[in-house]
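# Coordinate analysis (summary)
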Amino acid sequence: MLPSVLQPSATDHVPVLADEVRQLLAIEPGETVVDATFGAGGHAALLAADLRGEGRLIAIDRDPSARAYFDRFRKQTGVQGRFLRGDFSIVLEQLADNGARADAILFDLGVSSMQIDRPERGFSYAADAPLDMRMDPSADYSARELVNEGSERELTRIFRQYGEERYAKQIARAIARRRREQPFERTGELVETIKNAIPAPARFGDGHPAKRVFQALRIAVNDELTALEDALPAAVELLNPGGRLAVISFHSLEDRIVKRFLRDQEHGCTCPPDFPVCVCGQEPVLRATPRRAIRPSSRETASNPRAASARLRAAVKV
Ligand SMILES: C[S@@+](CC[C@H](N)C(=O)[O-])C[C@H]1O[C@@H](n2cnc3c(N)ncnc32)[C@H](O)[C@@H]1O
């Protein structure tokens, strides 16, 4: 029997841009689908329905608690498939190296409600809990290490770059001062330090005052941008010709990585722009469908505020 915190519940995660993903991935019975960010299996359940009992779904997640959701998913859908626990950049590469092929691959990036809503995982500024934020709890490096050991300069960069935090420098300085007296152990201590480091009016401005720092730490602790950069080429390698790729991102840095990758793969040629003729011979590998990112409707963001920052990009392998 799993501990109660790992018992999946029906309300765990509302899949974002679900209809759009389904349309773009256009799953046919008999195909092989890879859900590279299985989470609570919300998207996977919809994609599995499109398989109509034929084909298989490979689920990947670096969070071991997703396995319980996969077991439930398999029971409910009866779909053939496997759960592979690990970083998608590594697992996708291993699958491709082992000769596996896929017809559709989905990335729904970031953190899931099942992680945020479990205070003991330390992702949330809304509850006092151990400072953790690891998607993979067996990883060596948690937010506790980063906050207590990262240099003031490194923390400033992380808060600024990944959190677009205006008061990055002030917050990093306050953290460095506080940890000299006592190391940070809990999210509540960090929230207090952030609140005290920023000017009073900013405490009541754009969302919770710790929101941006928590997002930044999470991205850094889980090395999310590097994982995405490494995973996209592996995903393309894994796709069959005609295979579809869809990526939902929640941060402008993620979206930029996806946008540039799709543009480069669509372009093919990597010769410098001043070369009169192509000498690299690289052919286009992907065709973006559609060209622009898809954003959620106002109806979706009203019912699921988490969707507000979502951007969906998709492509077909030529
Ligand atoms: C937004 S949730 C996915 C939710 C899912 N689409 C659903 O409908 O339930 C993102 C999931 O991806 C996982 N994840 C994020 N980065 C990952 C990585 N580099 N490798 C594997 N899993 C990752 C997280 O652990 C989380 O469970």
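No experiment lies behind these values; they were computed from the predicted model shown.

Moving on, we come to the pattern of salt bridges. The tally for this structure, following the rule as stated, stands at 16 salt bridges. In this structure, arginine 218 and glutamate 224 form a salt bridge, with 2.8 Å as the shortest nitrogen-oxygen distance. Take arginine 218: its relative accessible area is 13%, and that puts it in the buried class. Using a relative accessible area of 8% as the deciding quantity, one classes glutamate 224 as buried. Between arginine 291 and glutamate 266 there is a salt bridge, with its nearest N and O atoms 3.1 Å apart. Separated by 25 residues along the polypeptide, arginine 291 in the loop between strand E6 (286-288) and helix H13 (298-303) and glutamate 266 in helix H12 (residues 252-267) bring together distant segments of the chain.

On to the site of the ligand. Near the ligand, the surroundings consist of 25 residues, among which His43, Asp61, Phe88, Asp108 and Gln115 are the closest. Within the backbone of glycine 41, one N or O atom sits 3.1 Å away from an oxygen atom of the ligand. Within the contact set of the ligand, a nitrogen atom lies 2.7 Å away from a side-chain nitrogen or oxygen of aspartate 108. Notes on the ligand: free accessible area 600 Å², of which the protein chains cover 99%.

With that settled, the discussion passes to empty space enclosed by the protein. Under the defined criterion, the tally for this structure stands at 1 cavity of 30 Å³ or more. Taken as a whole, the largest cavity holds about 370 Å³ of empty space. Around the largest cavity, the lining is made up of 29 residues, and of these Thr37, Asp61, Asp108, Leu109 and Gly110 lie nearest the centre. Looking at the lining of the largest cavity, the elements that each hand over two or more residues are helix H2 (42-51), strand E4 (102-108), helix H5 (113-116) and helix H11 (224-238). At 3 residues, the largest contribution of residues to the lining of the largest cavity is made by H11. The class makeup of the residues in the lining of the largest cavity is 11 nonpolar, 10 polar and 8 charged.

When the domains of the protein are assigned, the result is domain 1 (4-114 + 224-317) and domain 2 (140-221). Relative to domain 2, the C-alpha centre of domain 1 lies at a distance of 31 Å. Tallying the contact residues gives 7 residues for domain 1 and 6 residues for domain 2. For the interface between domain 1 and domain 2, the tally reads 1 salt bridge. Scanning the region where domain 1 abuts domain 2 turns up 5 residue pairs in polar contact (both at pLDDT 80 or more). Looking at the side of domain 1 that touches domain 2, the elements with two or more residues in it are H11 and H12. Class assignment for the residues of the side of domain 1 that touches domain 2 results in 3 nonpolar, 3 polar and 1 charged.

The next point concerns the sheet that holds strand E1 (residues 32-35). Overall, mixed pairing links the 7 strands, which are arranged E3-E2-E1-E4-E5-E7-E6 in an open sheet. Every interior strand has two partners, whereas the edge strands, strand E3 (80-85) and E6, have only one. Adjacent strand axes in the sheet meet at a mean angle of 15° when their direction is disregarded. The pairing of E1 with E4 spans 3 bridges and is classified as parallel. What sits directly across from valine 34, in E4, is isoleucine 105.

This brings us to the environment of aspartate 140. Assignment of secondary structure puts aspartate 140 in the loop between H5 and helix H6 (143-149). Aspartate 140 sits in the exposed class, given a relative accessible area of 75%. Each C-alpha atom, one on aspartate 140 and one on alanine 40, is 24 Å from the other, the two residues being 100 residues apart in sequence.

Interhelical geometry of helix H7 (residues 152-163) versus helix H8 (residues 168-181) gives an angle of 140° and a closest axis separation of 8 Å. By the angle between their axes, H7 is oblique relative to H8. For the pair H7 and H8, the crossing hand works out as right-handed. Across from Glu152, Leu155, Thr156, Phe159 and Arg160 in H7, the residues of H8 making contact are Ala168, Lys169, Ile171, Ala172, Arg173, Ile175, Ala176 and Arg179.

Calculation rules
- Residues numbered from 1 in each chain as written.
- Predicted model: local features only at pLDDT ≥ 70, side-chain atom pairs only at ≥ 80, totals over all residues.
- Heavy atoms only, no water.
- Salt bridge = Lys/Arg side-chain N within 4 Å of Asp/Glu carboxyl O.
- Buried < 20%, exposed > 50% of the residue type's maximum accessible area, 1.4 Å probe, protein only.
- Helix = DSSP H or I, 4+ residues; strand = E, 2+ residues; numbered from the N terminus.
- Near = heavy atom within 4 Å.
- Polar contact = N/O pair within 3.5 Å; in protein donor to acceptor, adjacent residues only side chain to side chain.
- Areas by Shrake-Rupley, 256 points an atom, 1.4 Å probe, with all protein chains shown as cover.
- 1 Å grid on protein atoms, 1.4 Å probe; cavity = no way out; pocket = protein on both sides within 12 Å on 5 of 7 lines; lining within 4 Å.
- Points joined across faces, edges and corners; volume = space filled by probe spheres on them.
- Nonpolar A, V, L, I, M, F, W, Y, C, P; charged D, E, K, R; others polar.
- Domains from an automatic or database assignment.
- Contact = heavy atoms within 4.5 Å.
- Pairing = 2+ DSSP bridges.
- Axes fitted to C-alpha atoms, helices over the stretch in contact; angles between N-to-C directions.
- Parallel < 35°, antiparallel > 145°, perpendicular 65-115°, else oblique.
- Left-handed = near helix turned anticlockwise from the far one by under 90°.

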